[in-house]
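Here is what each chain is made of, one letter per residue.
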Amino acid sequence: MKAPVANIAAPPPALPADAIGRVVDAARRDLAGVEDRRRLGPEAVAAVVAAGFPRHFVPRELGGTAGTFAELLGASAEIARTCPSTAWCAILFAAHGRLAAYLPEEGRKELWGASPDVLIATSIMPPQGEAVRDGDGWRIRGRWDTASGVDHADWLLLATRTGPADRPEHRIFAVPRSDWTVLDTWRSLGMRGTGSNAVEVAGAFVPDRLSCTLADLQRPLGVDAARCHRVPVHLAGALMFAAPVLGAAEGAFDAWRSAVTPRLPALSPARRAEAELALGEGSARIAAARLLLERVAERADRAEVTPLLVAENRRDAAMAAAWCAEAVDRLFRAAGSQVQREDSPIQRYWRDVTTAASHGVLGPAAAAADYAAAVLDG
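Residues numbered from 1 in each chain as written. Predicted model: local features only at pLDDT ≥ 70, side-chain atom pairs only at ≥ 80, totals over all residues. Heavy atoms only, no water.

### Some remarks on the overall build of the chain
Counting its secondary structure elements, the chain contains 11 helices and eight strands. A compact globule built from 378 residues should have a C-alpha radius of gyration of about 21 Å, and the chain, at 22 Å, falls within 12% of that. The principal-axis extents of the C-alpha atoms in the chain amount to approximately 75 × 70 × 45 Å. Split by element, the accessible area of the chain, about 16,800 Å² in all, is 55% carbon and sulfur. Of the side-chain charges in the chain, 43 are positive and 45 negative, and the distance between the mean point of each set is 3 Å. (Helix = DSSP H or I, 4+ residues; strand = E, 2+ residues; numbered from the N terminus. Rg over C-alpha atoms; globule rule 2.2 N^0.38 Å. Areas by Shrake-Rupley, 256 points an atom, 1.4 Å probe, with all protein chains shown as cover. Lys, Arg positive; Asp, Glu negative; His and termini not counted. Charge placed at Lys NZ, Arg CZ, Asp CG, Glu CD.)

Right, here's the structure in full:
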């Protein structure tokens, strides 16, 4: 007689659905304010923190979740259906915690010793500013552009080139809030609420415990580390930017159906045919983009890591973002003049998707080049 199988409870979700719902509610209340102030409001940020985004990739021994990419994709896309800017900041606060986990142990303890819910912004691509060796650390200064969510951040990861000219090093520095100044520079067509302002640092000292290199991020933290800390940063880097694009496209599709579908019978045959084609093709592109990104997240969470897999994931994330942008652009043009109004949700989604999908990490040409190189090298 076989022994009964024990009922082992599944671990609780790292980003619970009810908490994500509270982020969505806070973001909905903040929609007008996000556009005007060009950064998230305090209620939305508090909801993002309470939902568990900043701790999502923090090592468990420091109180974090060390969660999965699939769960992060689903949560970010759900928020982006209402507010892409909130989703963008939320998923990047999570992603930046994953980067900071590669700091030396003493530096990680300095960041998260009191709490795993530290908000971290970054400006690491491309490297900017300058750093000079100074004893057991570095003296950094300069200006760094586009640090999303920086107005709310406790720490900032900045990158610059160090080392000799023939062997340059892409070095990352963790800088506390007291050592940088936010510059009011974010005047964007879309994604206005991300507050992706520039920052300025005037001669801050960064000890070695708060520094690592981009090359460090390509190596596992250790054989016993969680999966999210054993895969190279580029395996899911593009996914972090594509997830909000997906949710925004789904939100645009929902808004289009509500605003345009009731008017279809009154349109001329030509306009109706155009709208129906935009509806059919757009829905297919967005659905295909979700399938691609779910595959990217699944591979990042479970698949054997190879250079080809890394290139495939970047390729698929870039393609998914491109499909979403194409679908929303087609829907926008087929919706008629009413969506040109500033208060139109479709117009806002179009601006946000157009802006977010143009991020350099999602560039299809670079992704294709990486993929081609991986195939040819293989």
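There's more to say after this.
### What to know about the sheet that holds strand E7 (residues 197–207)
Here four strands make up an open sheet; going across it, the order is E2-E3-E7-E6 and the pairing antiparallel. With partners counted over all chains shown, the strands left at the sheet margins are strand E2 (130–134) and strand E6 (181–183), one partner each. Across the sheet, the mean angle separating the axes of adjacent strands is 15° when strand polarity is ignored. Sheet topology places E2 next to strand E3 (residues 137–147); five bridges connect them, and they run antiparallel. In the sheet register, Val132 faces E3, and the bridge partner there is Arg139. (Pairing = 2+ DSSP bridges. Axes fitted to C-alpha atoms, helices over the stretch in contact; angles between N-to-C directions.)

### Observations regarding the nonpolar core
With 82 residues, the main nonpolar core has Phe53, Phe69, Leu239 and Met240 as its most contacted residues. Elements represented by at least two residues in this core include exactly helix H1 (17–29), helix H3 (42–51), helix H4 (69–80), helix H5 (84–100), helix H7 (237–260), helix H8 (269–302), helix H9 (307–334) and helix H10 (345–357). Sorting elements by how many residues they give to this core places H7 first, with 15 residues. Setting aside residues up to four positions removed in sequence, Phe69 forms contacts with Phe57, Arg98, Cys228, Val231, Ala236, Leu239, Met240, Ala297, Ala300 and Asp301. (Core = buried A, V, L, I, M, F, W, Y, C linked by side-chain atoms within 4.5 Å. Buried < 20%, exposed > 50% of the residue type's maximum accessible area, 1.4 Å probe, protein only. Contact = heavy atoms within 4.5 Å.)

### A word on the sheet that holds strand E8 (residues 211–213)
Pairing is mixed across the open sheet formed by four strands, whose spatial order is E1-E4-E5-E8. Looking at strand neighbours, the two that pair on one side only are strand E1 (120–123) and E8, the edges of this open sheet. Here the average twist between neighbouring strands, direction ignored, is 25°. By the bridge criterion, three bridges tie strand E5 (residues 169–176) to E8 in an arrangement that is antiparallel. Bridge pairing links Phe173 to Ser211 in E8. On the sheet, H5 packs against E1 and strand E4 (155–162) and is oriented at approximately 80° with respect to E1.

### A word on the packing of aromatic side chains
One pass over the full model with this rule turns up four aromatic pairs. Considering the side-chain rings of Phe57 and Phe69, the 5.1 Å spacing of their centres and the 45° angle between planes classify their relative orientation as tilted. In this pair, Phe57 is assigned in the loop between H3 and H4 and Phe69 in helix H4, connecting sequence segments 12 residues apart. Accessibility classification places Phe57 together with Phe69 in one group, the buried group. Lying over the aromatic face of Tyr371, Arg315 brings its terminal NZ or CZ to 4.5 Å of the ring centre. Lying over the aromatic face of Tyr349, Arg348 brings its terminal NZ or CZ to 4.8 Å of the ring centre. (Phe/Tyr/Trp six-rings, centres within 6.5 Å; stacked < 30°, edge-to-face > 60°. Lys NZ or Arg CZ within 6 Å of the ring centre and 35° of its normal.)

### Side note on the state of the cysteines
Scanning the entire structure with this criterion turns up zero disulfides. With no disulfide of its own, Cys89 lies 8.5 Å from the sulfur of Cys83, the closest cysteine sulfur. Residue Cys212 stays outside any disulfide, its sulfur separated by 15 Å from that of Cys228, the closest cysteine. (Disulfide = S-S within 2.5 Å.)

### Things to note about the packing of H1 against H4
Their axes nearest at 9 Å, the elements H1 and H4 cross at an angle of 25°. Here H1 lies roughly parallel to H4, going by the angle between them. Crossing handedness for the pair H1 and H4: right-handed. Judged by residue contacts, Ile20, Val23 and Val24 of H1 engage Ala75, Glu78 and Ile79 from H4. Tallied by class, the residues present in the contact of H1 with H4 amount to five nonpolar, no polar and one charged. (Parallel < 35°, antiparallel > 145°, perpendicular 65-115°, else oblique. Left-handed = near helix turned anticlockwise from the far one by under 90°. Nonpolar A, V, L, I, M, F, W, Y, C, P; charged D, E, K, R; others polar.)

### Focus: the pattern of salt bridges
A complete count under the given rule lists 34 salt bridges for this structure. Where Arg81 meets Glu250, a salt bridge forms, and the shortest distance between an N and an O atom there is 3.2 Å. One end of the pair, Arg81, is in the loop between H4 and H5; the other, Glu250, is in helix H7, with 169 residues separating them in the sequence. You can call Arg81 partly exposed: its relative accessible area is 28%. (Salt bridge = Lys/Arg side-chain N within 4 Å of Asp/Glu carboxyl O.)

### Re H10
For H10, which comprises 13 residues, the first-to-last C-alpha distance of 18 Å matches the rise-based estimate of 18 Å (1.5 Å per residue) to within 8%. Most of H10 sits out of view: 10 of its 13 residues are buried. Each element contacted by the buried residues of H10 is listed here: helix H2 (31–37), H4, H5, H7 and H9. (Expected span 1.5 Å × (residues − 1).)

### What about unusual backbone geometry?
Residue Pro126 is bonded to the preceding Met125 through a cis peptide linkage, with omega at 0°. Of note, Pro126 is situated in the loop between E1 and E2. The phi angle at Thr146 is positive, at roughly 45°, despite the residue not being glycine. Given a relative accessible area of 46%, Thr146 falls into the partly exposed group. One non-glycine residue, Met191, lies in positive phi territory at about 50°. With respect to the element layout, Met191 can be found in the loop between E6 and E7. Met191 sits in the buried class, given a relative accessible area of 4%.

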